[in-house]
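# Coordinate analysis (summary)
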Amino acid sequence: MEARTPHLRRLEAESIHIFREVAAQSTRPVLLYSIGKDSSVLLHLARKAFHPAPLPFPLLHIDTTWKFREMIAFRDALPERLGLELLVHTNEEGLRQGVNPFTHGSETHTDVMKTQALRQALDKYGFDAAIGGARRDEEKSRAKERIFSFRTVAHRWDPRNQRPELWRVYNGRIALGESIRAFPLSNWTERDIWDYIAAEGIPVVPLYFAKPRPVVRRSGTLIMVDDDRMPLNPGEAPEMLSVRFRTLGCYPLTGAVESRAATLEEIIAEMADARVSERQGRLIDQDQAASMERKKQEGYF
Amino acid sequence: MAVPDQPTDLLRFITCGSVDDGKSTLIGRLLYESELVLDDHLSALEKDSRRFGTTGAGALDLALLVDGLSAEREQGITIDVAYRYFATATRKFIVADTPGHEQYTRNMATGASTAEAAVLLVDARKSLLVQTRRHSFIASLLGIRHVAVAVNKMDAVGWERSIFDRIAAEYAAFATRLGFEEIICIPVSALTGDNVVRPSDNLAWYEGPTLMRWLETVEPSRGRADRPFRMPVQWVCRPSQDFRGFAGTVVAGSVRPGDPVAVLPSGVTTSVARIVTMDGDLREAQAEDAVTLVLSDEVDLARGDVIAAAGARPEVSDQFAAHLVWLGEAPLLPGRPYLIRFGPTAAVAQVMTLKHSISVNTMEPIAAQQLAMNDIGVCTLSLDRPVPFEPYATNRDLGGFILIDRQSNATVACGMIDFALRRAANIHRQALKVDKAARAAANRQKPCVLWFTGLSGAGKSTLADLVEQDLHRRGYRTMILDGDNVRHGLNRDLGFTDADRVENIRRVAEVAKLMVEAGLIVLVSFISPFRSERQMARELLEEGEFVEIYVDAPLEVCEARDPKGLYRKARAGQLPNFTGIDSAYEPPLAAELVVPAAEAPPEELADRILRYLEERGVA
Ligand SMILES: Nc1nc2c(ncn2[C@@H]2O[C@H](COP(=O)(O)OP(=O)(O)O)[C@@H](O)[C@H]2O)c(=O)[nH]1
């Protein structure tokens, strides 16, 4: 039986089309792999786009060193499971300065360990097209993002100076040093992602499924104590709660939700009832109004 | 636990209206009432409503849900196309939300290019505005055939039926020329929500569907399935010696293994052996499927070629009549080569003639010399090679194209092919027995073009003259084309606007090419200020036949020399569009030779050029 509904098949075909355009139009593309569910879908679609050939580009993970341990284990098993090339980059300078989300705050941490690290890696390997899993429904300023998004030599995004994008004709032409960020999942919603994961049986990090985990409550958010680098406040003790994650990032910055949804079906059912957006658990978006837009201009994904 | 039903179908539509017709409020309402606004967004909205809202104390301003960028929120305008998503039990919707202010043409064309239906907003208090007509025209031009006119702010006119009826009648009369298949007028209030999602008691006299109901049921004629098969090739998949597949998206019709197909533009025929996907081979692929085809024979095929049903092939041509929507900041220059892209198919294109532009207000043709941003025009295009195509009305993928500026890489226009020009098919190049090589051999030389470019007064003509004297003395067959001289004859109809400068160079480049074919060494001495046109000249010739010589002298030096008194006149305002003064000079980025004309006497510079020609084996 066909598990993909007609609308998932259209989304899938559109994404495959985009992947093939990026590969054909750029000289050194890379897939930015962030280990989350969107990346899992992105990777699955990339393999479909070039089958039976191997991926014509490597994967790149920007490691802030603060990811959940289960994410890293999942990532490290990937090259062997799927026969891929995976590059990992960390901002060594930031690491030396001991930048972390606790003492430096989420804004500085994100800027140094993610935005700057990404720019370093793109420059280091000379990638001229970076494929990411961002979706337009995630956040307001993403709603105007192009599928082929042009970046200057300094990796900046100028929302007022984007190339018009018509039909499925993508203009990936750039001068030396400029680059393209491409977003094959632009038209997918969170619901589409889960439906597709279920329909195609795509493996995802187990943290998406509910299980008793040690958490502390901080300003209304549940933070999982993933390792002993996490300083506990006086009187604060981790409690075991059945929780899961709707989005995955750096563990100190990613809120868990209380849930008993332990299967894909249960997750999808829970989401249909959900009254908060997935990014709510993300502390980085709440730093200030329009923070995503500013980060994007500076070269963040 | 039961998994809630997934919407099965997808509809892409565009919304348009003038500023303040209530478009943002309406989209906010659609999202809000399809319960897609989540609690955290809602609390952000309450906060924003207090800060930026226009609906008064305490009320939610739903428009703020969709006004994305902070610049927009502050200025209260929508700048660009934004895409929104919502779903009901039956359909998933992708909304292209386009702004109503000045740059609407460009943004609307973008949003409309992927839309299957349009929702046009009309303010019931103002009735049909010029904007409504413009938006309808652009929607029709981009091929939208299903339109809902949402007559908004019915609350502000006392839910008055006669007002609605008058607007509906007016629109019906206006739209007869636009070729829409379906037009429906729906009275709504975005502010109160009446008739947007919920049927309204205030509008009990209205018997048609609510806006949401219409969106859920409109059936855009996708009719692509029963058309002949077409698939542009995006990517050649060649993982090993034993596998060669052609990856692409089927844009019309369907295909099965065994079907005879033709490869275009070459016209070679073969058949489909396999339809490969990661989920296994398919027995059939249909329009919109992304697949990889394996063909039965080894055929020569590259990205941009089209695989099509052998019995019903698309036409192949290199000259078209088309509608253009100009999107670029700099105007269209007829004669300038732009990159043209139909999906993965690319070529170099020039606008041969701009027939006229079209008024978006009246849809009447207007005489035009150029197209500026947001202008719409009808033109003929000439490509550097034949490409497979279909008229836009038949197939958006094979008939819709973009133009890209070759210097800035910006997307400067979108276009819709109307038809191929017959003359392209009927003029065949005459195959000649005495060819370029034969003539070059008779002259015992390597024909080429020495292209001198630089500011007026830089010394181009002096240098070209010195070089030619030397070549001539040594028995080479040469010819000099000098800017001023050619402007007295061949180009005496041209002035100094950007458009005329482009045409000036195009003609000289063509003449230089003919002279190279005649076996001559041609010295061209023209300011030729734009990179694009010098590149065009280079591409007319074969590799190694074009030698660009940049005669590089600072403006101050040229101006001090001023051999013809032109700079003085230009500074006095008597010579408009003078290069270096009020018209740009774009220096070459990779000239074969740069001669610093202010640093050495002309004889020494001419020597350098001659030495270079010797090294290159020219003379
Ligand atoms: N009375 C009334 N006012 C409306 C209605 N829809 C929108 N408005 C108001 O019209 C103004 C412009 O609305 P907005 O949605 O921002 O318009 P846009 O520029 O088309 O996006 C705002 O003050 C809205 O509150 C309506 O149905 N009735």
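Residues numbered from 1 in each chain as written. Chains lettered and ligands numbered in written order. Predicted model: local features only at pLDDT ≥ 70, side-chain atom pairs only at ≥ 80, totals over all residues. Heavy atoms only, no water.

Broken down by element type, chain A carries eight helices and 10 strands. Classification of the 301 residues of chain A by burial places 63% in the buried group. Restricting to contacts in chain A with at least 6 residues of sequence separation, those with at least 24 account for 73%. For chain A, the computed accessible surface area is about 11,100 Å², with 51% contributed by carbon and sulfur atoms. (Helix = DSSP H or I, 4+ residues; strand = E, 2+ residues; numbered from the N terminus. Buried < 20%, exposed > 50% of the residue type's maximum accessible area, 1.4 Å probe, protein only. Contact = heavy atoms within 4.5 Å. Areas by Shrake-Rupley, 256 points an atom, 1.4 Å probe, with all protein chains shown as cover.)

The α-helix winds at 3.6 residues per turn, so residues separated by three or four positions along the chain end up facing the same way. All names here are of chain B. In a regular helix each residue adds 1.5 Å, so 15 residues correspond to 21 Å; helix α6 (residues 161-175) covers 21 Å between its end C-alpha atoms and thus fits that length. Residues Phe164, Ile167, Ala168, Tyr171, Phe174 and Ala175 constitute the buried set of α6. With its buried residues spanning 130 degrees around the axis, α6 presents them on a single face. Packing partners of the buried residues in α6 comprise β4 (117-123), α5 (130-141), β5 (146-152) and β6 (182-187). (Expected span 1.5 Å × (residues − 1). Arc of directions from axis to C-beta.)

Here we come to the sheet that holds strand β2 (residues 82-87) of chain B. Whenever strands of a sheet pair, they do so through backbone hydrogen bonds, lying parallel or antiparallel. Residues and elements named next belong to chain B. Spatially, β2-β3-β1-β4-β5-β6 is the arrangement adopted by the six strands of the open sheet, whose pairing is mixed. Taken across any chain shown, the strands that pair with only one partner, and hence form the sheet edges, are β2 and β6. Across the sheet, the mean angle from the axis of one strand to that of its neighbour is 25 degrees, orientation sign disregarded. Pairing of strand β1 (residues 9-16) with β4, which is carried by four bridges, proceeds in the parallel orientation. Bridging from a neighbouring strand, Ile14 pairs with Ala118 of β4. Its contacts with the sheet place helix α1 (residues 23-33) against β1, β2, β3 (91-97) and β4, and it is angled at close to 30 degrees to β2. This element, helix α4 (residues 104-113), spans β1, β2 and β3 of the sheet and lies at about 165 degrees to β1. (Pairing = 2+ DSSP bridges. Axes fitted to C-alpha atoms, helices over the stretch in contact; angles between N-to-C directions.)

Here the focus is the pairing of strand β3 (residues 86-89) of chain A. Residue and element names in this part refer to chain A. Pairing geometry for strand β2 (residues 59-62) and β3, over four bridges, is parallel. In the sheet register, His61 faces β3, and the bridge partner there is Val88. Regarding the hand of the β-α-β motif, the stretch spanning β2, helix α3 (residues 69-82) and β3 is right-handed. (Right-handed = clockwise from strand over helix to strand, strands pointing away.)

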